[in-house]
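Read off the chains here:
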Amino acid sequence: MENSTPGTMSLEEIKALLTAKFGEDVVVGEEIGGLQPALLIAPERIGEVCLELRDNPATYFDFLSSLTGVDYGVTAGRFGVVYHLASIPFQTQLTLKISKEHGRDLTTLPHFPSITSVYGAADWHEREAFELIGIYFEGHPDLRKLLLPDDWEGYPLRKDYHNAEYYKGIKID
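Predicted, not measured: the structure shown is a model, and the values here were computed from it. (Residues numbered from 1 in each chain as written. Predicted model: local features only at pLDDT ≥ 70, side-chain atom pairs only at ≥ 80, totals over all residues. Heavy atoms only, no water.)

A word on unusual backbone geometry
This is how the line gets drawn: Working definition: helices are DSSP H or I runs of at least four residues, strands are E runs of at least two. Numbering for both runs from the N terminus. For every residue, the accessible area (1.4 Å probe, protein chains only) is compared with the maximum for its type, and the residue is labelled buried under 20%, exposed over 50%, or partly exposed between those bounds.
One non-glycine residue, Y60, lies in the positive phi region at around 45°. Structurally, Y60 is set in the loop between α2 (46-55) and β3 (63-71). Y60 sits in the partly exposed class, given a relative accessible area of 36%.

Quick look at the structure:
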């Protein structure tokens, strides 16, 4: 690393740290044009990347402030997860994204590794993404619904979701 002090690492320095530790294939891309630059991580590596970023004294991203499931649309055929990490002592933030191609069939859900073993806050975030978008988190200790009734069908935040006309005899507007 260049002469970085803890917590002041640039996106490029964090990328270099991750590729040095895990190899070139761990970071599959970057998004640097928007308001929140992001590193695109190989989906199957997200747990070990988060663990490294949390435990490394140069980064210390000790807080998962948000985890959001994403449906990139019917024609894109892609689902993903966006992670917003924060380092409270270093007062800095980092966005990580994972995604994969996946069809719209509701019998086989897109799946990604759970990060609940790294960040306890991921528990409820992952459950919400599972319930509303239909993303399955492998290794999650209790992947059940939070907001909708247990017998709710479908995933309301998917781009192709259509509301039922009635639920238990009550008209839905």
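Quick notes on the sheet that holds strand β1 (residues 27-31)
The test is simple: A strand pair is defined by DSSP finding two or more bridges across the two strands. Here the axes come from fitting lines to C-alpha atoms, over the contacting stretch only for helices, and the angles between their N-to-C directions go from 0 to 180 degrees.
Judged by pairing direction, the sheet is mixed, and its five strands sit side by side in the order β1-β2-β5-β4-β3 without closing on themselves. Edge positions in the open sheet fall to β1 and β3, since each of these has one partner strand only. Taken pair by pair, the neighbouring strands of this sheet meet at an average axis angle of 25°, ignoring direction. Strand direction decides the pairing type here: β1 and strand β2 (residues 38-41), joined by four bridges, are antiparallel. Bridging across to β2, V27 finds its partner in I41.

Observations regarding the pattern of salt bridges
Here is the rule we go by: Whenever Lys or Arg places a side-chain nitrogen within 4 Å of a carboxyl oxygen from Asp or Glu, that contact is recorded as a salt bridge.
Enumeration over the complete set of coordinates arrives at twelve salt bridges. Across the salt bridge formed by E30 and K15, the nearest N and O atoms sit 2.7 Å from each other. With a gap of 15 residues between them, E30 in strand β1 and K15 in helix α1 (residues 11-22) connect regions that are remote in the sequence. Of the residues examined, E30 reaches a relative accessible area of 28% and is grouped as partly exposed. The exposure class of K15 is partly exposed, given its relative accessible area of 24%. R104 serves as the salt-bridge partner of D71, at 2.7 Å between the closest nitrogen and oxygen. Highlighted residues: D71 in strand β3 and R104 in the loop between β5 (92-101) and β6 (111-113), separated in sequence by 33 residues. On the basis of relative accessible area, D71 is assigned to the buried category, the value being 5%.

Concerning the nonpolar core
Cut-off, in case you're wondering: Remark: nonpolar core denotes a set of buried residues (Ala, Val, Leu, Ile, Met, Phe, Trp, Tyr, Cys) joined through side-chain atoms within 4.5 Å. In what follows, residue pairs with any heavy atoms lying within 4.5 Å of each other are defined as contacts.
Ranked by internal contacts, the top residues of the largest apolar core, which has 33 residues, are L18, I41, L53, Y83, L96 and I115. Taken together, the elements giving at least two residues each to this core come down to α1, β2, α2, β3, β4 (78-87), β5 and α3 (122-133). The leading source of residues in this core is α1, at five residues. Those residues in contact with L18, other than ones at most four positions away along the chain, are G23, V26, V27, L39, I41, V49, E52 and L53.

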